[in-house]
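Chain by chain, the residues:
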Amino acid sequence: MPPHVFISRAIAPVALKRIEAVCEVDLWDGEMPPPHSILCDRVRGVAGILSLITDRIDSEIYDAAGSALKVVSNMAVGYNNVDVTAAAARGIAVGNTPGVLTDATADLTMALLLSSARRIVEGVEYIRSGEWRTWHPSLLLGRDLNGAALGIIGFGRIGQAVARRAQAFGMQILAYSPSLSESDAQSAGVTRADINTILRESDFVSLHCPLSPETRHLIDADALKRMKNNAILINTSRGPVVDQAALYAALRGGEIGGAALDVTDPEPMADNDPLLLLPNVIVIPHLGSATVQTREKMALMAADNLIAGVTGQPLPNAVTL
Ligand code: GLV
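Everything numeric in this text was worked out from a predicted model, so none of it was measured. (Residues numbered from 1 in each chain as written. Predicted model: local features only at pLDDT ≥ 70, side-chain atom pairs only at ≥ 80, totals over all residues. Heavy atoms only, no water.)

Caption draft 1: Looking closely at the packing of helix α5 (residues 102-117) against helix α7 (residues 157-168). The contact between α5 and α7 brings their axes to 9 Å, and the two run at 50°. Relative to α7, the element α5 is oriented oblique. In the packing of α5 onto α7, the handedness of the crossing is right-handed. On the side of α5, the interface is formed by Thr 102, Asp 103, Thr 105, Ala 106, Asp 107, Thr 109 and Met 110, while α7 contributes Arg 157, Ile 158, Ala 161, Val 162, Arg 165 and Ala 166. Considered class by class, the residues forming the contact of α5 with α7 number 6 nonpolar, 3 polar and 4 charged. (Axes fitted to C-alpha atoms, helices over the stretch in contact; angles between N-to-C directions. Helix = DSSP H or I, 4+ residues; strand = E, 2+ residues; numbered from the N terminus. Parallel < 35°, antiparallel > 145°, perpendicular 65-115°, else oblique. Left-handed = near helix turned anticlockwise from the far one by under 90°. Contact = heavy atoms within 4.5 Å. Nonpolar A, V, L, I, M, F, W, Y, C, P; charged D, E, K, R; others polar.)

Below is the structure:
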């Protein structure tokens, strides 16, 4: 009997085929994620779950699945949606998809950085609303990247990939990560700094840390007050790393210069969220890894984790506590 698995959304066909060659697949192919209660129903008796960041995988799911469940393969590098501790306590392996989305996410971070520095969205709106009458020496002036300080909070794979790109634009990089050594900082050509120094000295601050109890609301009202009045905050990590109400207040109060967010809290952001009315804010719908090639690589990596887990092999990319 092939192992029975549940896949919570339609993934790249090549990855689905790879799983179907080994497993009996129950696929939820709705546009919206399965509600938690339906997820509980559908995972009864499965050996593996391929989940997405929109699925909360917790003890209720593990209880519903029962003792057959061997693996949760999350198709994302982040796994804050999965209760990894409860999984480990039950001997359920958890997999993720690091590495393959590093470049796509770093590229998107640069897209946000450039768009906010050079006011691209405002420029598009300006033309669409029929305001463009002439070239003017002070029309929509932005900021130079060359010589500007970019603070990177979270200097893992994606933070480092952003640093390499930003260095090519002539930016000076300040980096923080709890594990960043002086020699690693030196070989990456960045200055190791604590979070307060980054907030105080950076013209742009980009967040690349995982969401955890320690990083939830890392950027709160106090942190925002420490930033330069014209600094731009970029978040491509997880929405709750920023206290969004405090961000709105800081932007309204002119405490910082702007924000570019790929991630929000909650997701999706309400369409009447006041942040969306601010001209110096760009919000896009969690597109960090959203390229055809990257999503296919992520799906294949998640497929390999799932197949390894249900066939009793070590996961190629296991999350460890
Ligand atoms: C996306 O946000 C991911 O964690 O892969």
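Resuming the write-up.
Caption draft 2: Geometry of the sheet that holds strand β1 (residues 4-7). The 5 strands lie next to each other as β2-β1-β3-β4-β5, forming an open sheet whose pairing is parallel. In the strand order of this sheet, the two ends are held by β2 (24-27) and β5 (93-95), each with one partner. Averaged over all pairs of adjacent strands, the angle between their axes in this sheet comes to 15°, without regard to strand direction. In this sheet, β5 lies alongside strand β4 (residues 71-74) in parallel orientation, the contact comprising 3 bridges. For Val 72, the partnering residue across the bridge sits in β5 and is Val 94. The sheet strands contacting helix α1 (residues 13-20) are β1, β2 and β3 (48-51), and the helix crosses β2 at an angle near 140°. (Pairing = 2+ DSSP bridges.)

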